[in-house]
Amino acid sequence: MNKKLIGSLILSLVALAAIGYSYKSANDSKQGVYTIGVPTDREVFYESTYASYLSSNGYQGNMSKGEVVVDVNNYAATDGTRVTTDQEGVTTPEQGKVTWQFDVKTPGFYNLEVGYLPVEGKNSTIERKMYLDDQIYFKGMEQLSFSREWVNETSEIEVRNNNEIRPNTIELRNEKNVFVEDAQRRGSEPYKFYLSEGTHTLTFESIKEPVKITELVFKADEPLLSYEETINQLQGTYPLYEGSLLVGQAERNEGITKNVLKSSRAILMNTNYSSSRIEPAHPYNLVFNTVGGDSWKTPGDGITWEVEVPEAGLYQVSFTARQSANRGGVSYRKLLVNGEVPFKEANSIGFPYSTGFKNYVIGDENGAYLIPLEKGVNSITLETVLGQFDRATTEVQESLFILNETYRKIIQLTGTVPDSYIDYEIEKKLPEVKEIFIEESERLANILEEVISITGEKGEDAVVIDKLAIQLERLAKKPELVVKELGQLKNNISSLGLWNMEVATMPLEVDSLTLGVEGAELKQTEAGFIENFGYEAQRFLATFIVDETQMSGEVDKKQESIKVWIGTGRDQAQVMMNLIEERFTPLTGINVELELIPESVIIPATLAGRGPDVVTGITEQQAMNFAVRNALVDLSELESFEEKYADYEPSAFEGITFQEGIFGLPEQQSFMMLFYRQDILDELGLEIPRTWDDVKAIIPILQMNNYDFYMPAGTADPNGTMYASLVFQGGDDMYLGQGNNYGIETGLYENGPMQTFQEYTQFFTSYHLPVAADFANRFRTGEVPMGISPYTTYSQLQVSAPEIRGLWSFAPVPGKVQEDGTINNTFVSSTTQCIMLDQADNKDAAWEFMKWWTSEEIQLQYGTTIEGIMGPAARYPSANVDVVEQLPWSVKDADSLKEQFRATKGLPEVPGGYMTARMVSYAFKNVVTDGQNPREALYLNAKSINDELTKKRKEFNLSTVESE
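Fair warning: this is a prediction, and the values are worked out from it, not measured in the lab. (Residues numbered from 1 in each chain as written. Predicted model: local features only at pLDDT ≥ 70, side-chain atom pairs only at ≥ 80, totals over all residues. Heavy atoms only, no water.)

S.K.: What am I meant to see in the nonpolar core here?
M.R.: Within soluble globular proteins, side chains that are nonpolar tend to cluster in buried spots. The biggest cluster of nonpolar side chains holds 83 residues, and the ones touching the most others in it are Met576, Ile580, Phe675, Phe849, Met850, Trp853 and Trp889. Grouped together as the second largest cluster of nonpolar side chains are 51 residues, Val695, Ile698, Ile788 and Leu949 included. (Core = buried A, V, L, I, M, F, W, Y, C linked by side-chain atoms within 4.5 Å. Buried < 20%, exposed > 50% of the residue type's maximum accessible area, 1.4 Å probe, protein only.)

Following this line, the structure appears as structure tokens:
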């Protein structure tokens, strides 16, 4: 009997045995959990620089009743900014400044309302820096964000192989009017700006993305009433809704939900198997049944549900949701109805921690808040805010800045590993440290009390605050103890930074929303024992039956067909399959069987004659294992290859070239960049180094102030790209031989590579650079304000180090000065490739697929979709420079990347080449650890490289040194 049929029968029997669904309806009961709101009488919190600005201008709670309309067409563009205008407004590009001049008759405090229309860009949040009369008065003006609006491309969710396919998202470009507010959502009010009588200027400096400005108005936002005051007014206008429950799905257009809009592409639909009560539910097939969760946690991000109701009235609103990420924490949301906050309490609605899905009723301990809705379609929005954590996270962020700065001052005096027997006279040489420790200890103690009052418990995470506060109190009494406790102090500061990052993220996963009568019985969210047993049994048995590798549906055997393997994650494979079915098969008539297969399976499957036609996402090293065994097609002999070659930098092919054949098309290409902390460089009066001589001049200055420079070595550079890059910068090569004889012998015996190796190891012997370090973390704390790291570290820092946002950037790596005065800053890159196996049955169809898959249009769509699904940390390192330029990089960062891209070099793979990185690593250890002479160490280890090169060339019937 067919295996799948047997499996289906087993699953059916289990489902029948678990007919506890009758038990399910019997257990339906009210399960409302009233959410936590910020008390309306709570003191308004302002970030310190903003509070100082308000105080210095005499703010006492009064706003001007006047209105100042700025003529958006009366602008002045500076710094060569190219601005375009039309009847709708002024389109400002993603770089430069635009200034408007306006007159004020009535002095006072005003909010600023901005009308804007998103225009085509790189699909990320629009960011601007604001100047008022050429001044930035507080930190919040340095980062204003204006969101976009995204919606699923189709309302119907496609099903393939019984699995739902995540639909693509498209942008809705509608004009929006918003009041300028804190991008981090640390407060519930828009910013207030003081305008004196007379002429003023307003300037927007572009940070990211173009935008069309349609309106600029200084006016006071309408004050919000409390819920009690609001409901008293509404009850005379809106009747109480008395009908049956109205339920809409949160992730799709179903029930009363007519549309789901998101402010970020990163907010995703999810497949959740945790309970059979989630709707829709399936024990093993991919069914999207929730939205948000870990992808909806950034302050400012929001989801809007357009819901249809049968009549105007006052409705109880509840969400079936869970917040299971932050134990003991609360995720806060601002509630907007038809684009407006209905009352004060709606500015901050809290969703407490819960391991399972609960019915959260919008309300307080007195009952549900009744929300006014009009007959027909209404919009209900939840926007992520910091809520009651606004003060705690902001105060911690300010404390982190001060403590990191103090830590840097201490290590400037003591070094990162102080000698416990030396009296560094901390109190005498750094007298301010004692006062700082006292103030920050008190601040952290107050923060801890506030966190406990919010969460109702002293959770294990909050212990981090308590631990550091106690340590600072102890160090304040006896500052000299910092010498013994410096490492612990650093770890506690790092832990506090991690706590702040985690508590400032507000994840919330939503299954459905329900409108109804106040106090209505809501659907039970917890399954009974029998129901849960049946559901889990089906999930368990499915692991033996369901094939999770097959991504494509049934293939039409009458059409051309190829088999493609991909070794990445399921999300990437699903995006690829979507693109194939939408953009490849309909245009070419070629079916693709896409399978999600680990890279390690490829060689055994090929040897068994069961391999695919095409493999994507394979490393160049693994690809060359096939190439040297004549298992790949030489793509350079195929039609239109030259056109594909022109799309890339030559370096993208150098690592996949063998015996003058080219055996892959590049997908991803990564290399290193020079990361730097601009704030620390400014503090020390240093410039960004362009050459290694500049680096050698900077290192003593950094070390004199007890900072370090980071250069990857040893296990941090397993492929030896740092040393190889320095060799190429000197005009030398890692191997000898020309043409088909390239790699016949190592080039490390030559004088140039020998000299380069000596200079390379001197960085670690003479200049004492750290051989191993957690660069990202030490860069964040400022201990290592400059270093060389893969450019993908950028995305990691964007996510993990928000406290140094705007204080760092990257530049091309330093290089060597050439005889003509130019700088050679070549750096070795690594790639992943798309290859065609020689056993492919239909090579023409496979080649068509490879050309399509690596095209600029498809790679760009794939990269932007992956980042939308997995967030900024998953930014796609495309091998196509034009694709990289169109991803959501700022103009400045994109220019730096392009400059380094042009200076990349691929390290050609040669038979036995793996021995090169291994023996260079051994030689490095011999010098740095054992003190051996650099030339001697490299000379002795290079012999093993030559032995392996000769052995492998004989194995593959290639010419050897002896036969030449």
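S.K.: Would you mind going over helix H17 (residues 692–704) with me for this structure?
M.R.: Three- or four-residue spacings in an α-helix give side chains the same orientation, since the helix completes a turn every 3.6 residues. Its 13 residues place the ends of H17 19 Å apart at the C-alpha level, agreeing with the 18 Å of an ideal helix rising 1.5 Å per residue. Of the positions making up H17, those classed as buried are Trp692, Val695, Ile698, Ile699 and Leu702. Positive phi shows up at asparagine 706, right after H17, with a value of about 60 degrees. (Helix = DSSP H or I, 4+ residues; strand = E, 2+ residues; numbered from the N terminus. Expected span 1.5 Å × (residues − 1).)

S.K.: Explanation requested: the environment of threonine 854 in the structure shown.
M.R.: Mapped onto the fold, threonine 854 is located in the loop between helix H22 (843–853) and helix H23 (856–870). Sequence separation between threonine 854 and leucine 665 is 189 residues, and the spatial gap between their C-alpha atoms is 7.1 Å. Non-local contacts of threonine 854, meaning those with residues more than four positions away in its chain, are made with Lys644, Tyr648, Leu665, Pro666, Glu667, Cys834 and Gln859. (Contact = heavy atoms within 4.5 Å.)

S.K.: How do you make sense of unusual backbone geometry when you look at a structure like this?
M.R.: Trans is the common state for peptide bonds, and a negative phi is the common state for residues other than glycine. In this chain, glutamate 279 is followed by proline 280 through a cis amide linkage whose omega measures -10 degrees. Although it is not a glycine, asparagine 338 adopts a positive phi angle of roughly 55 degrees. Looking at where asparagine 338 falls in the secondary structure, it is placed in the loop between strand E25 (330–337) and strand E26 (349–352). If you check the backbone angles, glutamate 425 has positive phi at about 50 degrees while not being a glycine. Here glutamate 425 lies in the loop between helix H5 (390–414) and helix H6 (426–429).

S.K.: What is the right way to look at the environment of glycine 913 in this model?
M.R.: Secondary-structure assignment places glycine 913 in the loop between strand E48 (904–906) and helix H26 (914–928). In this view, glycine 913 contacts Tyr735 and Leu949; residues no more than four positions away in its chain are not counted.

S.K.: Got a minute to help me understand the packing of aromatic side chains in this structure?
M.R.: To describe a pair of aromatic rings, one takes the distance between the centres and the angle between the planes. All chains considered together, the criterion is met by 56 aromatic pairs. An aromatic cluster is built from Phe671, Phe675, Tyr710, Phe775, Phe779, Tyr791, Tyr794, Trp808, Phe810, Trp889 and Phe901, whose rings are joined through pairwise contacts. It is lysine 97 that lies over the ring of tyrosine 131; its NZ or CZ is 4.6 Å from the centre. Here lysine 905 stacks its cationic end above the ring of phenylalanine 728, 5.2 Å away from the centre of that ring. (Phe/Tyr/Trp six-rings, centres within 6.5 Å; stacked < 30°, edge-to-face > 60°. Lys NZ or Arg CZ within 6 Å of the ring centre and 35° of its normal.)

S.K.: Please clarify how a nonpolar patch on the surface should be interpreted in this entry.
M.R.: A contiguous nonpolar surface patch, about 380 Å² in accessible area, is contributed by Phe529, Ile530 and Phe533. Within the secondary structure, phenylalanine 529 is located in helix H10 (residues 529–542). (Patch = residues over 30% accessible without salt bridge, like charges linked within 9 Å, V, L, I, M, F, W, Y side chains within 5 Å. Areas by Shrake-Rupley, 256 points an atom, 1.4 Å probe, with all protein chains shown as cover. Salt bridge = Lys/Arg side-chain N within 4 Å of Asp/Glu carboxyl O.)

S.K.: Would you mind showing me how to read the pattern of salt bridges here?
M.R.: Oppositely charged side chains can pair when the atoms bearing their charge come close. One pass over the structure, following the stated rule, counts 39 salt bridges. Its salt-bridge partner being arginine 185, residue glutamate 383 comes within 3.0 Å of it at the nearest N-O pair. Taken as a pair, glutamate 383 in strand E31 (residues 376–385) and arginine 185 in the loop between strand E15 (176–179) and strand E16 (193–195) lie far apart in primary sequence, 198 residues in all. Here arginine 443 ties to glutamate 440 by a salt bridge, and the two come within 2.9 Å at their closest N and O atoms. On the criterion of helical spacing, the pair formed by arginine 443 and glutamate 440 is a turn pair, its members being 3 residues apart in helix H7 (residues 432–455).

S.K.: Quick question: what am I supposed to make of the sheet that holds strand E44 (residues 808–811) here?
M.R.: Whenever strands of a sheet pair, they do so through backbone hydrogen bonds, lying parallel or antiparallel. Pairing is mixed across the open sheet formed by 4 strands, whose spatial order is E40-E43-E39-E44. On the outer flanks of this sheet lie strand E40 (709–710) and E44, each paired with one strand and no other. Where E40 meets strand E43 (residues 786–790), 2 bridges bridge the pair, whose relative direction is parallel. Residue pairing in the sheet places tyrosine 710 in a bridge with glycine 787 of E43. On the sheet, helix H21 (residues 793–800) packs against strand E39 (672–677), E43 and E44 and is oriented at approximately 180 degrees with respect to E44. (Pairing = 2+ DSSP bridges. Axes fitted to C-alpha atoms, helices over the stretch in contact; angles between N-to-C directions.)

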